[in-house]
Amino acid sequence: GESVGLHLPTLSVQEGDNSIINCAYSNSASDYFIWYKQESGKGPQFIIDIRSNMDKRQGQRVTVLLNKTVKHLSLQIAATQPGDSAVYFCAETAGASGNTPLVFGKGTRLSVIA
Amino acid sequence: NAGVTQTPKFRILKIGQSMTLQCTQDMNHNYMYWYRQDPGMGLKLIYYSVGAGITDKGEVPNGYNVSRSTTEDFPLRLELAAPSQTSVYFCASSYGEETQYFGPGTRLLVL
């Protein structure tokens, strides 16, 4: 069936460097994508989203890039900080009706080295 | 706003026992969801609801039941607890089909 997956399960980054977390999706009908951050012992927290009519969207220190041609999504974190250490999930949905709930990837653990 | 609240935070059940995980949101969201997250894994959708009186199965509904009698509440029922149901359970809500807001989770251990 359709799935959302991640290229790398773990990522270690030096504090101050930029982080890039990748995500592949297989449902060509997906039109909305979200990145979530989950800290240990907490629920997922919304970071940034992007619609399929966009290629790039920027937030505070974060940028999401969408390449529909290869069905690839990435999250870039600038000047990574220790507080960015968490598991990051991408999620996608293909419907505006609510009958196609978000499908989550397995997650990438980001470890920031001080 | 309190957002999405879940009770209890942690529970130990014996095999065959039943329990209800409570979820309440005060954001007037129509959509509500239940997920389970096994250690080191992503989220799997159990059930969801697009409004009061409407529920639908997600990816892993077996062994669970839900009801949605009000907009605010979306309880998840385990009738006969099994060790395979040991997991962390997250409730979420959303205004539409998009950004979901998650509760803090309920950690369940079935022995």
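Preceding this paragraph is the structure being described.
Below: a short report on this structure. (Residues numbered from 1 in each chain as written. Chains lettered and ligands numbered in written order. Predicted model: local features only at pLDDT ≥ 70, side-chain atom pairs only at ≥ 80, totals over all residues. Heavy atoms only, no water.)

Quick word on the pattern of salt bridges
This structure, assessed with the given rule, holds six salt bridges over all chains. Taking the shortest distance from any N to any O, the salt bridge between Asp-55 of chain A and Lys-68 of chain A comes out at 3.2 Å. Of this pair, Asp-55 of chain A sits in the loop between strand 5 (45-51) and strand 6 (56-58) while Lys-68 of chain A sits in the loop between strand 7 (62-67) and strand 8 (72-77), placing them 13 residues apart in sequence. Asp-38 of chain B serves as the salt-bridge partner of Arg-36 of chain B, at 2.8 Å between the closest nitrogen and oxygen. Judged by relative accessible area, Asp-38 of chain B falls into the partly exposed class, the value being 25%. (Salt bridge = Lys/Arg side-chain N within 4 Å of Asp/Glu carboxyl O. Helix = DSSP H or I, 4+ residues; strand = E, 2+ residues; numbered from the N terminus. Buried < 20%, exposed > 50% of the residue type's maximum accessible area, 1.4 Å probe, protein only.)

Considerations on the interface of chain B and chain A
Of the residues lining the interface, 18 residues belong to chain B; the matching set on chain A comes to 23 residues. At the boundary of chain B with chain A, total buried surface from both sides reaches about 1,600 Å², with 56% on carbon and sulfur atoms. Counting every contact that joins chain B to chain A gives zero salt bridges. Counting across the chain B and chain A interface gives three residue pairs in polar contact (both at pLDDT 80 or more). Looking at the side of chain B that touches chain A, the elements with two or more residues in it are strand 4 (31-37) and strand 5 (43-51) of chain B. Residues of the side of chain B that touches chain A, tallied by class, amount to eleven nonpolar, five polar and two charged. (Contact = heavy atoms within 4.5 Å. Buried area = accessible area lost by both parts, 1.4 Å probe. Polar contact = N/O pair within 3.5 Å; in protein donor to acceptor, adjacent residues only side chain to side chain. Nonpolar A, V, L, I, M, F, W, Y, C, P; charged D, E, K, R; others polar.)

Quick look at the nonpolar core
Residue and element names in this part refer to chain A. Of all hydrophobic cores here, the largest spans 20 residues; its most connected members are Trp-35, Leu-73, Leu-75, Tyr-88 and Leu-110. Every element with two or more residues in this core is listed here: strand 2 (10-14), strand 3 (19-25), strand 4 (32-38), strand 5, strand 7, strand 8, strand 9 (86-93) and strand 11 (108-113). If sequence neighbours within four positions are ignored, Leu-110 has contacts with Leu-11, Val-13, Ser-19, Ile-77, Thr-80, Asp-84, Ser-85, Ala-86 and Tyr-88. (Core = buried A, V, L, I, M, F, W, Y, C linked by side-chain atoms within 4.5 Å.)

Here we look at the state of the cysteines
All told, the structure shown has two disulfides over all chains when counted by the stated rule. Across the disulfide from Cys-23 of chain A sits Cys-90 of chain A; the S-S distance is 1.9 Å. Here the S-S torsion is close to 55 degrees, and the disulfide linking Cys-23 of chain A with Cys-90 of chain A is therefore right-handed. Of this pair, Cys-23 of chain A sits in strand 3 while Cys-90 of chain A sits in strand 9; the two residues are 67 residues apart in sequence, bridging distant segments of the chain. Here Cys-23 of chain A matches Cys-90 of chain A in class, with each residue buried. Each sulfur in the disulfide pair Cys-23 of chain B and Cys-91 of chain B lies 1.8 Å from the other. On the sign convention where negative is left-handed, the bridge of Cys-23 of chain B and Cys-91 of chain B, at about -75 degrees about the S-S bond, is left-handed. Pair noted here: Cys-23 of chain B is in strand 3 (residues 19-25) and Cys-91 of chain B is in strand 9 (residues 87-94), with a separation of 68 residues, a long-range link. Since its relative accessible area comes to 0%, Cys-91 of chain B is described here as buried. (Disulfide = S-S within 2.5 Å.)

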